Amino acid sequence: MTQCGTYHHLYILLFTYGNYTTTTTTTKTMSISSASAAPALPAATKKKQQLSSTAAGGAALLIALQVGSRALTFIVNQILLRYLSPELLGTSTQLEVYSITVLFCARESLRVAVQRESDTADDTFAADDGRVVPAGQVDGRSSAGRTQAIVNLAYISISLGVIFAVALAWLYVQLLSAKDAAVLETPYFRASLKIYGLAAFWELLSEPCFVVVQQKSEFKIRTHAELIATLLRCIVTAGSAVWASRAGRVIGVLPFALGQSMYAASLILVYYWNVWAIATTCGFSLTPVPIYSRSVSALCSLLSRS
């Protein structure tokens, strides 16, 4: 009886352990199966999340850039107050308004327009109809074609900038001659006005790179370009003013013009240095290039046959 009882107890223990092992294995298998069977996030949702995080990071960078540039400009102005008269600071403000007006009239409306153009290819681009894009052109349905379209539009801003820079400079001088001729007697005023106009044109030359950076959400490039340009402008403006004061030279508002020209030149260099690699990789050009459209091509062929 004792041996039978012992065998009976061992049998119960083995049976219980076997059921426990089977239940545990089944539970783990069901957990793995349910985890693998969980639906993955759609590609569109993932893209929206990436765009949201990129936009949030870009907004933070741009806010930090604006705060930093304003703080740096304030510090430089406090330094300039020790070496320049309030009249010169007021005249430099008028020149700054002239430059801002030229840039606003030349590029602001086009910037709003190009922001609506995405960098994704059309749905019909995958279904190619067998036609070959001519050499020297970019397919308008592709991502490169969409980016090339806004680059081509950016050159309209450059052309408008030349017109507005000359027209507004002439109008500004005429108004000063009629109402405040004393400003025209400021040392190096006319030379500074010309430099401001040239700097506005230089700044507009970076517009093709700017629209690419905005379309592709490359906020770091914009932050680096504007931060470096602002820093160099402050250094050149303050440095030339301090040097002229210590050397006993009267250069009027020329330090502000030199600083603005340095800002525009450095903006061009930083933008093109960074965006040129993007253009090479993505297959578009930073110069105006014809865009191939199959609908226009079909219309031309129909007209030629008729």
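For the structure itself, look to the data block above.
**Q** When you look at the packing of aromatic side chains in this model, what are you seeing that I'm missing?
**A** We describe a pair of aromatic rings using the distance from one ring centre to the other and the angle between the two ring planes. All chains considered together, the criterion is met by one aromatic pair. Sitting over the face of the ring of Y263, R233 holds its NZ or CZ atom 4.4 Å from the ring centroid.

**Q** Looking at this model, I keep getting lost on the side chain of S206. Mind explaining?
**A** When you line up the elements, S206 lands in the loop between α6 (189–205) and α7 (207–215). Not counting the four nearest positions on each side in its chain, S206 is found in contact with L267, I268, Y271 and Y272.

**Q** Looking at this model, I keep getting lost on the packing of helix α3 (residues 86–114) against helix α4 (residues 143–179). Mind explaining?
**A** When two helices pack together, their arrangement is given by the angle between the helix axes and the distance between those axes. For the pair α3 and α4, interaxial distance at closest approach is 9 Å and the crossing angle is 150°. If you check the angle between α3 and α4, you find them roughly antiparallel. You can see that α3 and α4 cross each other, and the crossing is right-handed. Side by side, α3 and α4 meet where Q94, L95, Y98, T101, V102, C105, A106, R107, L110 and V114 of the first sit next to I150, L153, I156, S157, L160, G161, F164, A165, L168, A169, Y172 and L176 of the second.

**Q** Just to check I follow, could you spell out α6 for this structure?
**A** Spacing of three or four residues puts side chains on the same side of an α-helix, whose turn is 3.6 residues. Spanning 17 residues, α6 covers 25 Å between terminal C-alpha atoms, matching the ideal 24 Å at 1.5 Å per step. Those residues of α6 not exposed but buried are F189, S192, L193, Y196, G197, A199, A200, E203 and L204. Mapping the buried residues of α6 onto a view down its axis gives an arc of 160°, with all of them on the same face. The inward-facing, buried residues of α6 abut α3, α4, α5 (181–184), α7 and α9 (254–282).

**Q** Which parts of the structure should I look at to understand α3?
**A** Between the first and last C-alpha of α3 there are 41 Å, a value that for 29 residues agrees with the 42 Å anticipated at 1.5 Å per step. If you look at α3, its biggest bend is around 40°, right at R107.

Rules behind the numbers
- Residues numbered from 1 in each chain as written.
- Predicted model: local features only at pLDDT ≥ 70, side-chain atom pairs only at ≥ 80, totals over all residues.
- Heavy atoms only, no water.
- Phe/Tyr/Trp six-rings, centres within 6.5 Å; stacked < 30°, edge-to-face > 60°.
- Lys NZ or Arg CZ within 6 Å of the ring centre and 35° of its normal.
- Helix = DSSP H or I, 4+ residues; strand = E, 2+ residues; numbered from the N terminus.
- Contact = heavy atoms within 4.5 Å.
- Axes fitted to C-alpha atoms, helices over the stretch in contact; angles between N-to-C directions.
- Parallel < 35°, antiparallel > 145°, perpendicular 65-115°, else oblique.
- Left-handed = near helix turned anticlockwise from the far one by under 90°.
- Expected span 1.5 Å × (residues − 1).
- Buried < 20%, exposed > 50% of the residue type's maximum accessible area, 1.4 Å probe, protein only.
- Arc of directions from axis to C-beta.
- Bend = angle between axes of the 7 residues up to and from the residue.

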